[in-house]
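A closer look at the structure
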Amino acid sequence: DVKVTQSSRYLVKRTGEKVFLECVQDMDHENMFWYRQDPGLGLRLIYFSYDVKMKEKGDIPEGYSVSREKKERFSLILESASTNQTSMYLCASSLQGNTEAFFGQGTRLTVV
Amino acid sequence: QQQVKQSPQSLIVQKGGISIINCAYENTAFDYFPWYQQFPGKGPALLIAIRPDVSEKKEGRFTISFNKSAKQFSLHIMDSQPGDSATYFCAATSRGSGYSTLTFGKGTMLLVSP
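Described in the following lines is the structure provided in the data block.

About the cut-offs
- Residues numbered from 1 in each chain as written.
- Chains lettered and ligands numbered in written order.
- Predicted model: local features only at pLDDT ≥ 70, side-chain atom pairs only at ≥ 80, totals over all residues.
- Heavy atoms only, no water.
- Patch = residues over 30% accessible without salt bridge, like charges linked within 9 Å, V, L, I, M, F, W, Y side chains within 5 Å.
- Areas by Shrake-Rupley, 256 points an atom, 1.4 Å probe, with all protein chains shown as cover.
- Salt bridge = Lys/Arg side-chain N within 4 Å of Asp/Glu carboxyl O.
- Helix = DSSP H or I, 4+ residues; strand = E, 2+ residues; numbered from the N terminus.
- Pairing = 2+ DSSP bridges.
- Axes fitted to C-alpha atoms, helices over the stretch in contact; angles between N-to-C directions.
- Phe/Tyr/Trp six-rings, centres within 6.5 Å; stacked < 30°, edge-to-face > 60°.
- Buried < 20%, exposed > 50% of the residue type's maximum accessible area, 1.4 Å probe, protein only.

1. Quick look at a nonpolar patch on the surface
- The grouping of Ile18, Ile20 and Met78 of chain B at the surface amounts to a nonpolar patch, some 240 Å² of accessible area in total.
- Looking at where isoleucine 20 of chain B falls in the secondary structure, it is placed in strand S3 (residues 19-25).

Rendered as structure tokens:
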């Protein structure tokens, strides 16, 4: 069974902290994505990666960075967390050339 | 710029009724249109998808209708059940490159009352 695992279901961080959200997939997928989900705004793409060490900005990359050192792992980094980054973060992966994305269960991040 | 517009934002349907969710897109390069279903506490999961060379696709109680000239597509859930209560997202993408990113609508929260 395909699996995308996000390291935390819930996180509470303080303003200004550096935050790491981790995602691991076991499907040998080339593509990995980070979205944030907010009520009434749907899913918005933050960053994606189509290969190890490669990254591309999505629609809302400001305040975020990513790291992909291994094919199965894709990390989202909040350099200095702010309250407007309080959100649900969803990681997804897909095969190259295949459009079906498989999502993790999400990390609900609260920045106080 | 919102490239995929979804309506309604929320929907209440009685058990056994038909649920209809509509989406419209702007980018004519889009050539794959999936619908994702998300239950509370879970990530979205692919429900059904269509390519623009057909006008309709049916899988069980779920049907996508596609109107290429109007750049619209819709999800119909026949004989809606309480277990269908979830948030539904339409999406669109272009499959031209080796990687493709999904552009999502804002979602529709469906509640099927018993």
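2. A look at the sheet that holds strand S3 (residues 19-25) of chain A
Residues and elements named next belong to chain A.
- The strand order across the open sheet formed by four strands is S1-S3-S8-S7, and the pairing between neighbours is antiparallel. Every other strand in the sheet has two partners, leaving strand S1 (4-6) and strand S7 (64-70) as the edge strands with one partner each. Direction aside, neighbouring strands of the sheet carry axes that sit 20° apart on average.
- Two elements, S7 and strand S8 (residues 73-78), share five bridges in a ladder whose sense is antiparallel. Bridging across to S8, serine 67 finds its partner in serine 75.

3. Considering the packing of aromatic side chains
- By the definition in use, this model includes 17 aromatic pairs over all chains.
- Judged by centre distance (5.7 Å) and plane angle (80°), the rings of phenylalanine 103 of chain A and tyrosine 36 of chain B are edge-to-face. Taken together, the positions of phenylalanine 103 of chain A in strand S10 (residues 102-103) and tyrosine 36 of chain B in strand S4 (residues 33-38) put the pair across two chains. Both residues of the pair, phenylalanine 103 of chain A and tyrosine 36 of chain B, belong to the buried class.
- Between tyrosine 36 of chain B and phenylalanine 104 of chain B, the ring centres sit 5.7 Å apart and the planes meet at 65°, which makes this aromatic pair edge-to-face. One end of the pair, tyrosine 36 of chain B, is in strand S4; the other, phenylalanine 104 of chain B, is in strand S10 (residues 103-104), with 68 residues separating them in the sequence.
- The class of phenylalanine 104 of chain B is buried, set by a relative accessible area of 7%.
- Of the aromatic side chains, those joined through ring pairs into one cluster are Phe33, Tyr35, Phe48 and Phe103 of chain A together with Tyr36, Phe89 and Phe104 of chain B.

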